[in-house]
Amino acid sequence: MGSIWEYANPVKFSRTVSAVLPYVAAAALGCLAVGLVWGFFFTPDDYRQGATVKIIYLHVPAAMIAINAWLMMLAASLIWLIRRHHVSALAARAAAPVGLVMTLIALATGAIWGQPMWGTWWAWDPRLTSFLILTLFYLGYIALWEALEDPDTAADLTSVLCLVGSVFAILSRYAVNFWNQGLHQGASVMRVEAVTGADTEEKVSNVFFAPLMVCMAGFVFLFLALVLLRTRTEIHRRRLKAIEARERMA
Amino acid sequence: MIALLLRDLKLAVRAGGGFGLALAFFLIVVVLVPFAVGPNTSRLAPIAAGVLWIGALLACLLSLDRMLALDHEDGTLDLLATAPIPLEGVVLVKACAHWLTTGLPLTLVAAPLGVLLNLPQPGYGWLVLSLACGTPALSMIGAFGAALTVGLKRGGLLLSLLVLPLYVPTLIFGAEVARRGAEGLETQVPLLLSCAITLGVLAAMPFAAAAALRINLR
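Definitions and limits used
Residues numbered from 1 in each chain as written. Chains lettered and ligands numbered in written order. Predicted model: local features only at pLDDT ≥ 70, side-chain atom pairs only at ≥ 80, totals over all residues. Helix = DSSP H or I, 4+ residues; strand = E, 2+ residues; numbered from the N terminus. Buried ≥ 20, exposed ≤ 12 C-beta atoms within 10 Å, placed from the backbone. Contact = placed C-beta atoms within 7 Å. Rg over C-alpha atoms; globule rule 2.2 N^0.38 Å. Nonpolar A, V, L, I, M, F, W, Y, C, P; charged D, E, K, R; others polar. Core = buried A, V, L, I, M, F, W, Y, C linked by C-beta atoms within 7 Å. Axes fitted to C-alpha atoms, helices over the stretch in contact; angles between N-to-C directions. Parallel < 35°, antiparallel > 145°, perpendicular 65-115°, else oblique. Left-handed = near helix turned anticlockwise from the far one by under 90°. pLDDT = per-residue confidence, 0-100. Bend = angle between axes of the 7 residues up to and from the residue.

Trainee: Is there a simple way to explain the overall build of chain A in this structure?
Mentor: A tally of regular secondary structure across chain A gives 7 helices and 0 strands. For chain A, buried positions account for 37% of its 250 residues. A separation of at least 24 residues holds for 75% of the contacts in chain A among residues at least 6 apart in sequence.

Structure below.
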C-alpha cells in the first residue's frame with residue numbers, strides 16, 4: 001500500500017471505486033434493511049411517544065450525514081486548494097446534492113415527528129433553524145457549481161465559498177441559539193454519558209440504541225456509495241468533454 | 001486608495017442608477033408593508049424594527065452586482081489588479097464606497113421611515129445605531145459575493161442566493177438590538193456581538209474576496 005494520495009490519480013481512483021463500490025452498496029443495503037426492519041418491527045413502542053419514536057431511525061442518521069457531508073466537502077475543498085487534486089474537487093461537487101437531500105430528509109422527518117409530539121410541523125427552534133440555513137448554504141454551493149463554465153474556476157470559487165460558508169454556518173448556529181430558545185432536545189446520541197450509560201433522563205434507551213447504530217452505519221455506507229458513484233460519474237463526464245473538445249479541434 | 005474611493009463615490013453619484021435607487025427601493029418596501037399587514041398601528045409597532053432591517057438589507061443587496069461587474073466589463077479591474085495597492089485593499093475600498101453610497105444613507109433615512117411604521121419612541125436611537133454598526137458588514141459580505149460572481153453574465157440572482165445566507169448572523173444581532181431597544185430592554189449584548197461580527201468581517205473578508213477575485217481574473 002502506497003500513500004493515500006495515489007487515489008488522486010483519476011484512473012487509479014476509478015478502478016478502485018469500480019472494485020469497491022458493489023461491496024459498499026451491498027453494505028449500505030444490508031445495514032439499512034436490517035436496521036430499519038429491526039427498528040420498525042422489533043422494538044417496543046416508547047411509553048410516552050408511542051410508535052412515532054420509530055422515525056428516529058431515519059431522522060437522526062440523515063441529520064448526522066447532512067452535517068458530516070458539509071465537513072467532508074470542507075476537507076475536500078481544502079485538499080483541492082492546497083494540493084490541486086481534481087478528484088478531490090469533484091468529490092466535493094458530488095457530495096453536495098447528497099448532503100442537500102439529507103438535510104431535506106432530516107427536516108421532513110423532523111416535521112412529521114414534531115407534529116404529534118410538539119403539536120406543530122415547524123417551530124423556529126435553534127436546531128431546526130440552523131438546519132434550514134444549512135440547506136440554503138447547500139443550495140448556494142450547488143448553484144455556484146452549476147453557474148460557472150470553466151471547471152477549474154468553478155472548483156476554486158466553490159472551495160472558497162465552502163470555507164467562508166463553514167465559518168458563517170457556525171456563526172449562524174450560535175447566533176440562532178442566542179435569538180431563540182428551543183423545543184428540540186440536546187444531543188442524546190453522540191454524548192459521552194449517553195454511550196457509557198450514565199442513567200440520564202435524555203439518554204436513548206438501549207432497546208432503540210442498537211438498531212439506531214445499525215441504521216447510522218447504513219446511512220454512512222449509503223453516503224459513501226453515492227459519493228463514490230457520483231465522483232466516478234463526474235470523472236467520466238470530464239473525460240468525455242476532453243474527448244469532444246479534442247475531436248472538434250481535429 | 002483615497003483616489004480610488006473618491007472615484008467610486010463620484011461614479012456612484014454621477015453615473016446614474018445605484019445611488020438613489022437603493023433609497024427609493026427602501027422607501028417602497030416600507031410603504032408596501034402596511035398594505036400587506038393592514039394599517040393597524042398596534043400591529044405595525046412590534047414588527048417595525050424587523051421590517052426596517054429587512055428593507056435595508058434588501059436595498060443593500062440591490063446594488064451589489066454593480067460594485068465589481070461594471071469595472072470588470074470595462075477592464076478597470078484588470079488595471080486595479082496590477083496596481084501597486086494589493087487587491088485586498090481594492091476590495092476593502094470598494095466595500096467602503098458601497099457603504100458610503102448605500103449603507104450610510106439607508107441608516108440616515110431609517111429613522112423617518114420608522115415614523116411611517118409607528119416604531120415605538122425609545123427605538124429610534126437604537127435602530128439607527130444598530131444599522132450603523134451592521135450595514136458595513138453587509139457591504140463587505142456583499143463584496144465577497146460580488147467577487148465570486150463577477151465573471152458571470154447574469155450573476156444577479158445567484159448573488160442573492162449566495163449572499164443572503166451569509167447575512168443571517170448580522171441580521172439576527174442587528175434586528176435584535178433594534179427590537180430590544182424598541183421594547184426598552186437591555187441591548188448591550190447583541191450590540192457588542194453585532195459590532196464583533198462587523199469588525200471580524202472587515203478584518204477577514206477582504207482576503208476571501210480578493211482570493212475569489214484573483215481566481216476570476218486569472
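Trainee: I would appreciate a short explanation of the overall build of chain B in the present structure.
Mentor: Counting its secondary structure elements, chain B contains 10 helices and 0 strands. Here the C-alpha atoms of chain B give a radius of gyration of 18 Å, agreeing with the 17 Å that 2.2 N^0.38 yields for 218 residues. Looking at chain B as a whole, 50% of its 218 residues are labelled buried. Considering only residue pairs separated by 6 or more positions, chain B has 82% of its internal contacts joining residues 24 or more positions apart.

Trainee: Honestly, the interface of chain A and chain B in this entry has me stumped. Any pointers?
Mentor: Interface size is commonly expressed as the accessible surface area that is lost when the partners come together. In this assembly, 20 residues from chain A lie in contact with 18 residues from chain B. Of the residues that constitute the side of chain A that touches chain B, the class distribution is 16 nonpolar, 3 polar and 1 charged.

Trainee: Before we go on, may I ask you to explain the nonpolar core in this structure?
Mentor: In summary, soluble globular proteins display a tendency toward joint burial of nonpolar side chains. Judged by nonpolar contacts, the single largest core of 139 residues is most densely connected at Leu52(B), Ala147(B) and Ala212(B). Residue contributions to this core peak at 14 residues, all from helix 2 (residues 56-83) of chain A. Among residues more than four places away in sequence, those in contact with Ala212(B) are Leu157(A), Val160(A), Phe144(B), Ala147(B) and Leu148(B).

Trainee: In this structure, what is going on with unusual backbone geometry? I would like to understand it.
Mentor: Leave glycine aside and you will find that most residues have negative phi; peptide bonds, for their part, are mostly trans. Of note, Arg84(A) is a non-glycine position whose phi angle comes to about 55 degrees, a positive value. For Arg84(A), the position within the fold is in the loop between helix 2 and helix 3 (86-118). With phi around 60 degrees, Asn118(B) is a residue other than glycine that occupies positive phi space. Following the sequence through the fold, Asn118(B) ends up in the loop between helix 6 (87-116) and helix 7 (123-148).

Trainee: In this structure, what is going on with the packing of helix 1 (residues 2-14) of chain B against helix 6 of chain B? I would like to understand it.
Mentor: Angle between the axes and distance between the axes are the two parameters that describe a pair of packed helices. Residue and element names in this part refer to chain B. Where helix 1 contacts helix 6, the axes come no closer than 9 Å and their chain directions differ by 40 degrees. Considering their axes alone, helix 1 and helix 6 lie oblique with respect to each other. Seen along the crossing, helix 1 lies across helix 6 with a hand that is right-handed. Between helix 1 and helix 6, the contacting residues are Leu4, Leu5, Asp8, Leu9 and Ala12 on the first element and Val90, Val93, Lys94, Cys96, Ala97, Leu100 and Thr101 on the second. Looking at the contact of helix 1 with helix 6, its residues break down into 9 nonpolar, 1 polar and 2 charged.

Trainee: I keep staring at the packing of helix 4 (residues 64-73) of chain B against helix 7 of chain B and nothing clicks. Help me out?
Mentor: All names here are of chain B. In contact at an axis separation of 8 Å, helix 4 and helix 7 are set at 45 degrees when each is read in the N-to-C sense. Taken as axis vectors, helix 4 and helix 7 run oblique relative to one another. Here helix 4 and helix 7 pass one another in a crossing that is right-handed. Of the residues in helix 7, those in contact with Leu64, Asp65, Met67 and Leu68 of helix 4 are Gly142, Ala143, Gly145, Ala146 and Ala147. In terms of residue class, the contact of helix 4 with helix 7 is made up of 6 nonpolar, 2 polar and 1 charged.

Trainee: Looking at this structure, I do not really get the confidence of the model for chain A. What am I missing?
Mentor: Regions with low pLDDT should not have their predicted coordinates read in detail. Residues and elements named next belong to chain A. Scored by pLDDT, chain A has a mean of 85; 88% of the residues are at 70 or more. By mean pLDDT, the top-scoring element of chain A is helix 2 (92), and the lowest-scoring one is helix 6 (residues 192-196) (43). Every residue in residues 190-201 scores below 50 in pLDDT, and together they form 7 contacts with partners more than four places removed in sequence or on other chains.

Trainee: Just checking my understanding: could you explain helix 3 (residues 41-62) of chain B for this structure?
Mentor: Side chains that are three or four residues apart share a direction in an α-helix, a result of its 3.6 residues per turn. Its axis deflected by about 55 degrees at Ile47(B), helix 3 of chain B carries its strongest bend there. Looking only at helix 3 of chain B, the buried set comprises Ala48(B), Ala49(B), Val51(B), Leu52(B), Trp53(B), Gly55(B), Ala56(B), Leu57(B), Ala59(B), Cys60(B) and Leu61(B).

Trainee: Just to check I follow, could you spell out the environment of Phe207(B) for this structure?
Mentor: Tracing the sequence through the fold places Phe207(B) in helix 10 (residues 188-217). Separated by 101 residues in sequence, Phe207(B) and Leu106(B) have C-alpha atoms that sit 27 Å apart.

Trainee: Before we go on, may I ask you to explain the environment of Val164(A) in this structure?
Mentor: Looking at the secondary structure, you find Val164(A) in helix 5 (residues 151-179). Through-space distance from the C-alpha of Val164(A) to that of Leu74(A) is 9.9 Å; in sequence the pair is 90 residues apart. Those residues within four positions of Val164(A) in sequence are excluded, and the remaining contacts are Phe144(B) and Ala208(B).

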